[in-house]
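Overview (structure and organization)
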Amino acid sequence: MCNKWRQRGISRVPIVHEVLLRSNPGKVSILGDGSVAVEVGGIELGQGLWTKVKQMTAFSLSAIKCDGMGDFLDKIRIIQANTLSLIQEGLTAGSTTSECSCEAVRICCNILVERLTRIKENLQEKMGSVEWGILILEVEVNLLTGQTTILQSDIIYDCGQSLNPAVDLGQIEGAFVQGIGFFMLEEYLSNSDGLVIPEGTWTYKIPTIETIPRQFNVEIMNSGHHKKRLLSSKASGEPPLLLAVLVHCATRAVIKEARKQLLRWKGLNESDSTFQLEVPATMSIVKKLQCLL
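An account of the accompanying structure is given in this report. Positions within a chain are numbered from 1, following the residues in the order the chain's sequence is written. Since the coordinates come from a predicted model, pLDDT governs what is reported: local features require at least 70, and pairs of side-chain atoms require 80 or more to be given and counted, while whole-chain, interface and lining totals use all residues. The basis for every side-chain value is the complete set of non-hydrogen atoms in the structure, without hydrogens or water.

Overview of the packing of aromatic side chains
For clarity, the cut-off: Any Phe, Tyr or Trp ring, taking Trp's six-membered ring, that has another such ring centre within 6.5 Å forms a pair; planes under 30 degrees apart are called stacked, those over 60 apart edge-to-face, and the others tilted. Geometrically, a lysine NZ or arginine CZ counts as sitting over a ring once it is within 6 Å of the ring centre and also within 35 degrees of the ring normal.
On inspection of all chains with the given rule, the structure shows two aromatic pairs. Ring centres of Phe182 and Phe183 lie 5.0 Å apart, and the angle between their planes is 85°; this geometry places the pair in the edge-to-face category. When the ring centre of Trp202 is taken as reference, the NZ or CZ atom of Lys205 above it lies at 5.6 Å. Over the aromatic face of Phe275 sits the side chain of Arg252, whose NZ or CZ is 4.7 Å from the ring centroid.

What follows is the structure, encoded as structure tokens:
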């Protein structure tokens, strides 16, 4: 477009600018909570140095390929270095500070990835021979009788790649109920000669239908491939029994609060509510520890 009073011009000028690459220090620290602290020799002047360093850290450490790294960038923070943390700091000049700092951070991260990869492989190998599960439950304790009722339990159990989910489900449920008997019911009494006193279920209480949680939820988790297991499957017979210890722990928590409440009513020091809940925590033991009667 032509205009007598306004004219435009176009030019093309190639440039060659020699830059000097310098050594620049960097330090990457992975903290106990999974966050990462990074220090570099350069100073943030608005040129985007910390932004590039943060992105380089996230990119380099992502090679570990751990779960839960979706928001990993938010867990990285850049700390302004000083002469105590980085003794020989570099210069912030020459248009190459960002690149040199990122390279220092990349080297640090590669060393960490190499170390952590070995740890991860060792843990995965050990996990292949370990069964695990998690349980959340709610109990109700009758303070007058000492009876403990399990209102709800939610179990997630790792079966690897289950050979038969229906069978494993039954094993998990059965082992858990058997564990309730061990921790809460089955009192093993003997006389002075070491002979067992109970002769049947009249005095030796085993789990019954009343022992089963009112709401009993069990989920089998498929944890993937395990090269040292038969078709990647895991055992489900005895390990779930250990989850029943939570019934004992929940009952103990109820007793602790009941004793504190009683001490408050009496105007006494709540710190005097220390007690020991035996195994099994039978009705008579629970009732006695309430200190209500």
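Concerning the nonpolar core
The nonpolar side chains of soluble globular proteins are, as a tendency, buried together. Rules: To form a nonpolar core, buried Ala, Val, Leu, Ile, Met, Phe, Trp, Tyr and Cys residues must be joined to one another through side-chain atoms within 4.5 Å. Three labels apply to residues, based on accessible area from a 1.4 Å probe with only protein chains included: buried if under 20% of the type maximum, exposed if over 50%, partly exposed otherwise in between. A run of DSSP states H or I qualifies as a helix once it reaches four residues; a run of E qualifies as a strand once it reaches two. Both are numbered from the N-terminal end. What makes two residues a contact is simply this: any of their non-hydrogen atoms within 4.5 Å.
Within the largest apolar cluster, 24 residues are counted, with the highest numbers of intra-cluster contacts made by Leu137, Ile155, Phe176, Ile180, Val247 and Leu277. Elements that contribute at least two residues to this core include exactly strand 4 (133–141), strand 5 (148–158), helix 3 (165–185), helix 4 (245–266) and helix 5 (283–290). Among the elements that line this core, the one with the most residues is helix 3, at five residues. Residue contacts for Ile180: discarding those within four places in its chain leaves Ile150, Leu185, Thr211, Ala244 and Val247. One finds Val28, Val53, Ile76 and Val105 within the second-largest nonpolar core, a separate group that totals 18 residues.

A short note on the pairing of strand 6 (residues 215–221)
Basically, it comes down to this: Two strands are said to pair when DSSP picks up at least two bridges between them. With strands facing away from the observer, any crossover in which the path from the first strand over the helix to the second runs clockwise is taken as right-handed.
Strand direction decides the pairing type here: strand 5 and strand 6, joined by seven bridges, are parallel. In the strand pairing of strand 6, Gln152 is matched with Gln215. You can see the chain leave strand 5, run along helix 3 and come back into strand 6, and the turn it takes is right-handed.

Quick word on the environment of Lys288
Take Lys288: it is sitting in helix 5. For the pair Lys288 and Gly224, spaced 64 residues apart in sequence, the C-alpha separation works out to 47 Å.

What about the sheet that holds strand 1 (residues 26–30)?
Across a sheet, paired strands are connected by hydrogen bonds in the backbone, their directions being either parallel or antiparallel. The cut-off we apply is this: Only the contacting stretch of a helix is used when fitting its axis, a line to C-alpha atoms as for every element, and angles between N-to-C directions run 0 to 180 degrees.
Read across the sheet, three strands follow the order 1-2-3 without closing on themselves; strand pairing throughout is mixed. The two strands at the open ends of the sheet, each matched to only one other strand, are strand 1 and strand 3 (76–80). Between one strand axis and the next, the sheet turns by 20° as a mean value, whatever way the strands run. Summarising the sheet, strand 1 and strand 2 (residues 36–40) pair through five bridges and their orientation is antiparallel. Each bridged residue has a counterpart across the sheet, and for Val28 the counterpart in strand 2 is Val38. With respect to the sheet, helix 1 (residues 49–61) is in contact with strand 1, strand 2 and strand 3, its orientation differing from that of strand 3 by roughly 135°.

A short note on a nonpolar patch on the surface
For the record, the criterion: Every patch collects residues that have over 30% relative accessible area and no salt bridge, joining them within 9 Å if they carry like charges and within 5 Å if they are nonpolar side chains (Val, Leu, Ile, Met, Phe, Trp, Tyr). The Shrake-Rupley method, run with a 1.4 Å probe sphere, supplies the accessible areas, and residue values consider only the shown protein chains as cover. By salt bridge we mean one thing: a side-chain nitrogen of Lys or Arg within 4 Å of a carboxyl oxygen of Asp or Glu.
Together, Ile134, Ile156 and Met221 give the surface a local cluster of nonpolar side chains, amounting to about 220 Å² of exposed area. Structurally, the position occupied by Ile134 is in strand 4.

Re helix 5
Just so we agree on the cut-off: The arc in question is the one spanned by the directions pointing from the helix axis to the C-beta atoms.
Regarding helix 5, the residues found buried are Ile285, Val286, Leu289 and Gln290. The buried residues of helix 5 occupy an angular sector of 140° when the element is viewed end-on, so they sit on one face. Residues of helix 5 that are exposed and angled more than 90 degrees away from the buried face: Ser284 and Lys288. Next to the buried residues of helix 5 lie strand 4 and helix 4.

Description of the packing of helix 4 against helix 5
Basically, it comes down to this: Every angle not falling under 35 degrees, over 145, or within 65 to 115 is termed oblique; those three ranges are roughly parallel, roughly antiparallel and roughly perpendicular. Polarity classes work like this: nonpolar for Ala, Val, Leu, Ile, Met, Phe, Trp, Tyr, Cys and Pro, charged for Asp, Glu, Lys and Arg, and polar for all others, with Gly in that last group.
The interhelical angle for the contact between helix 4 and helix 5, taken along N-to-C directions, is 25°, at an axis separation of 9 Å. If you check the angle between helix 4 and helix 5, you find them roughly parallel. Taken together, the residues of helix 5 that come into contact with helix 4 (itself represented by Thr251, Ile255, Ala258, Arg259 and Leu262) are Val286, Leu289 and Gln290. Here the residues of the contact of helix 4 with helix 5 sort into five nonpolar, two polar and one charged.

Let's talk about the pattern of salt bridges
A side chain with one charge may pair with a side chain of the opposite charge, provided their charged atoms come close. In total, this model carries five salt bridges according to the counting rule given. Note that Lys52 and Glu99 form a salt bridge whose closest N and O atoms lie 3.7 Å from each other. Remark: Glu99 occurs in helix 2 (residues 97–127) and Lys52 occurs in helix 1; sequence separation between them is 47 residues. Put simply, Glu103 and Arg106 hold a salt bridge, and the shortest N to O gap is 2.8 Å.

Considerations on unusual backbone geometry
With glycine set apart, most residues show a phi of negative sign, and most peptide bonds adopt trans. Of note, the bond from Val279 into Pro280 is cis; its omega dihedral lies within 30 degrees of zero at 5°. When you line up the elements, Pro280 lands in the loop between helix 4 and helix 5.

Some details on the side chain of Thr57
Within the fold, Thr57 resides in helix 1. According to the relative accessible area criterion, Thr57 is buried, its value standing at 0%. Filtering out sequence-adjacent residues up to four positions away, Thr57 remains in contact with Val28, Val36, Val38, Phe72, Ile76, Val105 and Cys109.

Focus: the environment of Ala244
Within the secondary structure, Ala244 is located in the loop between strand 6 and helix 4. Placed 60 residues apart in sequence, Ala244 and Met184 show a C-alpha to C-alpha distance of 9.1 Å. If we ignore the near neighbours within four places in the chain, the residues touching Ala244 are Phe176, Gly179, Ile180 and Phe183.

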